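Okay, here's what each chain looks like letter by letter:
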Amino acid sequence: MASKTTDTAPNQHLLTIEGLSVSNITKLLDLADSYATHNRDIGTKQSLLSGCTQINLFFESSTRTRTSFELAGKRLGADTINMSVEGSAIKKGETLIDTAMTLNAMQPDVLVVRHPESGAAALLAQKVDCSVINAGDGTHAHPTQALLDALTIRRRKGQLQGLVVAICGDILNSRVARSNIQLLTTMGAQVRVIAPPTLLPASVDRLGVELHHDMRLGLNNCDIVMMLRLQTERMHGTFVPSVREYYHFYGLDYDKLSSAKSDALIMHPGPMNRGVEIDTAVADDIDRSLIREQVEMGVAVRMACLDLLTRESRTQDGKQ
Amino acid sequence: MANNNSYEPQTLGEKRAFVNVRLVDPESGLDVLGSLLIFDGKIMDLGPRLFADGLPSDITTIDGGGHCLCPGLIDMRAFVGEPGAEHKETLSTASAAAAIGGITTLIATPDTDPTIDDVALVELLERSAQDTARVNVHPMAAITKGLRGVEMTEMGLLASAGAVAFTDGNVTISDALVMRRALAYASTFDLLIDHLPQENSLSAEGCTNEGEVATRLGLTGIPSVAESIVLDRDLRLTELTGSRLHASHLTTEMSISAVRNAKARDVRVTCSVTPHHFTLNETAIGEYRTFAKTWPPLRSESDRCALIDGLSDGTVDVISSGHTPQDQESKRLPFAQAATGISGLETMLPLALDLYHKGKLSLHTLLQKMTSTPARLLNLKSGRLISGAPADLILIDIDSPWLIDPDQFLSKSKNSPFEKHPVQGRVLQTLVAGQPVYDRTLQPT
């Protein structure tokens, strides 16, 4: 098993995008790209992670992310186990750290964690010997989502540098937005965030983005429009007055999209609220929407992450 | 030269002119004897030499007798009764009262029944006003649904429908988070939030200013800090969110000082006071005169003087009537049970002019607070005496002395504490979009 004290410690976990260099990201994306091609062209299962154990530990409900990680592990030949909060010891009052220690004793190679509290993945990573992949912690980070978004964009536009990317919607409560802002600005894209002030975190401009409250101005001349989900409980007068008003000013329809470049592409991390943040016709526009491709790239990116993070432990195991 | 001494609407192509008037534009400082030409509902031209080459023959002229011609007043806060309180006031009676008072634009508060918190109601009020009001009426919409202080209204859509600002009327938003989000959300569209600060938990039981008068009368008082606590909170939240706040109907020395300090920090705040708060103090309630029961209450003499200081040094931006018509039944009650408010449309200008006559404010500074400043805050084109502006005009005899007689009010409600109050200055004519809506003299040449 990999020890926390090895020189490769920085690469043992994937907890956030923050701190990753251009070459780190490029390496990950290159590898993911090759997996994407492999998945499309050959599609056969590999045995790279044969004998490795991957535990998907989900403290928050998720369909696409958990399935994507599970599929990624299985395609690489790992033994994947899903643990969800329902029916687990967590429900019986076990603390996060106790759960971590218990799982650690079972000696998995990778722990994929989703948790409703920011910082939970980092806390787990301090307590276990295996690699930890953050599959979303609170409103902090969702690094594999940012990587899959970047891969999707790169495959369509060739590169990230110089692109104008608008991220629209509930930035305040979005870990996807935070990770995307970090990744895209690191890679030299120009990032704009578009939202009413009630959905923007304080000092978000300090993250190197341009702020917009007017969606048409914010979309002006942009290459990529990234929509975020607005949760229904925030739509009735607390953060925004109503669905009707939100859709009127911040819902992506063809009219607002016309401010963007004519070949601008549309992304959404899902699940979508059609008629709230995005018009159905726009979401389903096969020429503009990358939403399905994002899901496909998700598997490739997660394969690349699993591959890279377990390289050290696999080498050591081989030596033993 | 045609004579015109009726209210028949003129055709659009017809021109109308005031001659021999003192042209007073509060914003630019213009103050000159001259003429003003109206065409197509707008001011076409004005100046001392406008008709130097003689009057064209196709013009209806009105000799102003050297009196002041200035922009019609914009009252930023009036309760117009509709919908739901038609027994107290209607758009028709409120606008008739406004016309006599020199007010050509009424900003209606949304604390009606139902509350103006929905696009359809904004449109309804605008349509009713077009049908029945003599002056311009623009609605403010509610900040929170049903004035409950919990959920924001659809401010963006309401503004598109014609709401010129947002307020919960005399209801204070007690939850700081709701206020923060409302201010932040309003800033999306740079909308104005009008808020009357009052800490409900401190003021709910009270009916007059806390102090000696209340103590002698055995009435529960409302402390000055009830206003300060919420105002201070609002000022900090406005600073935090970078939004636009209009603190309405401030009454205390502490409040004026707080706004003065906030303005020095470049907080985007403006504020208003009412004529009754700078004209009367707490002693006006005398032996339980319910006509002097107001919301917020009349304060101490030093507070009253501080409001005037605030008006003169620019801390106070706006004078609004706070028009709150009440029927007799709601005032003929024991003091604590009686309704609050003053019927104020017909007395706003004469009471305000008192500050000019006493040398506290220049005429231009005073008029700015009822014309160009509210126009700027609400993005209205009126409030100026410049060519191209709407011909919403008033001709005032600023010196004429008279005694206020609430029985003569055109407002449906006569609840005024100013009976037999001596004032100086009277509206002679009021025009809205070039059309006369009130004429005291009917003296065309």
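Cut-offs and rules
Residues numbered from 1 in each chain as written. Chains lettered and ligands numbered in written order. Predicted model: local features only at pLDDT ≥ 70, side-chain atom pairs only at ≥ 80, totals over all residues. Heavy atoms only, no water. Helix = DSSP H or I, 4+ residues; strand = E, 2+ residues; numbered from the N terminus. Buried < 20%, exposed > 50% of the residue type's maximum accessible area, 1.4 Å probe, protein only. Contact = heavy atoms within 4.5 Å. Areas by Shrake-Rupley, 256 points an atom, 1.4 Å probe, with all protein chains shown as cover. Lys, Arg positive; Asp, Glu negative; His and termini not counted. Charge placed at Lys NZ, Arg CZ, Asp CG, Glu CD. Domains from an automatic or database assignment. Buried area = accessible area lost by both parts, 1.4 Å probe. Polar contact = N/O pair within 3.5 Å; in protein donor to acceptor, adjacent residues only side chain to side chain. Nonpolar A, V, L, I, M, F, W, Y, C, P; charged D, E, K, R; others polar. Arc of directions from axis to C-beta. Pairing = 2+ DSSP bridges. Axes fitted to C-alpha atoms, helices over the stretch in contact; angles between N-to-C directions. Salt bridge = Lys/Arg side-chain N within 4 Å of Asp/Glu carboxyl O. Right-handed = clockwise from strand over helix to strand, strands pointing away. Parallel < 35°, antiparallel > 145°, perpendicular 65-115°, else oblique. Left-handed = near helix turned anticlockwise from the far one by under 90°. Phe/Tyr/Trp six-rings, centres within 6.5 Å; stacked < 30°, edge-to-face > 60°. Lys NZ or Arg CZ within 6 Å of the ring centre and 35° of its normal.

Here the focus is the overall build of chain A. On a plain count of helices and strands, chain A comes out with 11 helices and nine strands. Here chain A holds 320 residues, and the buried ones make up 56% of them. Put simply, 75% of the contacts in chain A that link residues at least 6 apart link residues at least 24 apart. In the structure as shown, chain A presents an accessible area of about 13200 Å², 50% of it carried by carbon and sulfur atoms. Here chain A holds 33 positive side-chain charges and 36 negative ones, and the gap between their average locations is 2 Å.

What follows is about the domain arrangement of chain B. All names here are of chain B. Domain annotation of chain B identifies domain 1 (2–70 + 389–402 + 421–442) and domain 2 (72–378). Distance between the C-alpha centres of domain 1 and domain 2: 30 Å. Between domain 1 and domain 2, a total of about 2000 Å² is buried, with carbon and sulfur atoms accounting for 67% of that surface. Taken together, the connections running from domain 1 to domain 2 amount to 11 residue pairs in polar contact (both at pLDDT 80 or more). Residue assignment for the side of domain 1 that touches domain 2 shows that the elements contributing at least two residues are β1 (15–25), β2 (30–39), β5 (68–71), β16 (393–403), β17 (422–432) and β18 (435–439). Top element by residues in the side of domain 1 that touches domain 2 is β17. It accounts for seven residues. Residue classes in the side of domain 1 that touches domain 2 are distributed as 16 nonpolar, five polar and six charged.

Glancing now at helix α3 (residues 96–105) of chain A. Residue and element names in this part refer to chain A. Among the residues of α3, L96, T99, A100, L103 and N104 are the ones counted as buried. Take α3 and look down its axis: the buried residues cluster within an arc of 135 degrees, on one side only. Where α3 is buried, its residues meet β1 (53–58), β2 (79–84), β3 (110–115) and α4 (120–127). Within two residues after α3, Q107 carries a phi angle of roughly 55 degrees, on the positive side.

Let's shift gears to the sheet that holds strand β7 (residues 103–108) of chain B. Residue and element names in this part refer to chain B. Taken in spatial order, the three strands make up an open sheet running β6-β7-β8, and their pairing is parallel. Edge strands, defined here as strands with exactly one partner in the open sheet, are β6 (73–78) and β8 (136–139). Neighbour to neighbour, the strand axes of the sheet diverge by 20 degrees on average, direction disregarded. Here β7 runs beside β8; their pairing, made up of four bridges, is parallel. By the bridge assignment, T105 is partnered in β8 with N136. Contacting β7 and β8, helix α1 (residues 91–100) runs over the sheet at an angle of about 140 degrees to β7.

With 17 residues of chain B in contact, the opposing surface of chain A contributes 16 residues. Among the residues of chain B in contact with chain A, L157, R181 and Y185 of chain B are the three that bury the most area, contributing 38% of the side total. Viewed at the interface, chain A and chain B are joined by one salt bridge. Joining chain B to chain A, the criterion identifies seven residue pairs in polar contact (both at pLDDT 80 or more). At the level of elements, α3 (155–161) and α4 (176–188) of chain B are the ones that each hand at least two residues to the side of chain B that touches chain A. Element by element, the count of residues in the side of chain B that touches chain A is highest for α4 of chain B, at five residues. Classifying every residue of the side of chain B that touches chain A gives seven nonpolar, five polar and five charged.

Moving on, we get to the pairing of strand β4 (residues 131–137) of chain A. Consecutive residues of a regular strand have side chains that alternate between opposite faces of the sheet. All names here are of chain A. Within β4, seven of the seven residues are buried, leaving the element largely enclosed by the surrounding structure. Both β3 and β4 contribute to a ladder of five bridges, which runs parallel. Looking at β4, one finds that V110 is bridged to S131. The parallel pair β3 and β4 is bridged by α4, and the resulting crossover is right-handed.

In this section: the packing of helix α5 (residues 143–157) of chain A against helix α6 (residues 175–186) of chain A. Residues and elements named next belong to chain A. Look at α5 against α6: their axes get within 8 Å of each other, and the N-to-C directions meet at 55 degrees. As the angle between them shows, α5 and α6 are arranged oblique. The way α5 lies across α6 gives a crossing that is right-handed. Note on element contacts: α6 touches α5 through V176, S179, N180, L183 and L184, opposite P143, Q145, A146, L147, D149, A150 and I153. Tallied by class, residues from the contact of α5 with α6 come to eight nonpolar, three polar and one charged.

Residue and element names in this part refer to chain B. In this sheet, strand β3 (residues 42–47) lies alongside β2 in antiparallel orientation, the contact comprising five bridges. The partner of F39 across the bridge, within β3, is K42. Between β2 and β3, which follow one another and run antiparallel, lie two residues, and D40 among them has a positive phi close to 60 degrees.

Here the focus is the sheet that holds strand β9 (residues 166–167) of chain B. All names here are of chain B. Strand order in this open sheet of five strands is β9-β10-β13-β14-β15, and the pairing throughout is parallel. In the strand order of this sheet, the two ends are held by β9 and β15 (318–319), each with one partner. This element, helix α7 (residues 225–241), spans β10 (192–195), β13 (244–247) and β14 (269–273) of the sheet and lies at about 165 degrees to β13.

Turning our eyes to something else, we now look at the pattern of salt bridges. On inspection of all chains with the given rule, the structure shows 30 salt bridges over all chains. Residues D31 of chain B and R22 of chain B are paired through a salt bridge, measuring 2.8 Å at the closest nitrogen-oxygen approach. A salt bridge links R233 of chain B to D234 of chain B; the nearest nitrogen and oxygen atoms lie 3.0 Å apart. Both residues of the pair, R233 of chain B and D234 of chain B, belong to the buried class. Residues participating in the shared-partner salt-bridge network are D30, D33, R154 and R155 of chain A.

Bringing the packing of aromatic side chains into the picture now. Enumeration over the complete set of coordinates arrives at three aromatic pairs over all chains. Put simply, the rings of F249 of chain A together with Y185 and F189 of chain B touch in pairs and so form one group of aromatic residues. Cation over ring: K293 of chain B sits above F335 of chain B, and NZ or CZ is 5.7 Å from the ring centre. Across from the ring centre of W402 of chain B, 4.0 Å away, lies the NZ or CZ of R426 of chain B, which sits over that ring.

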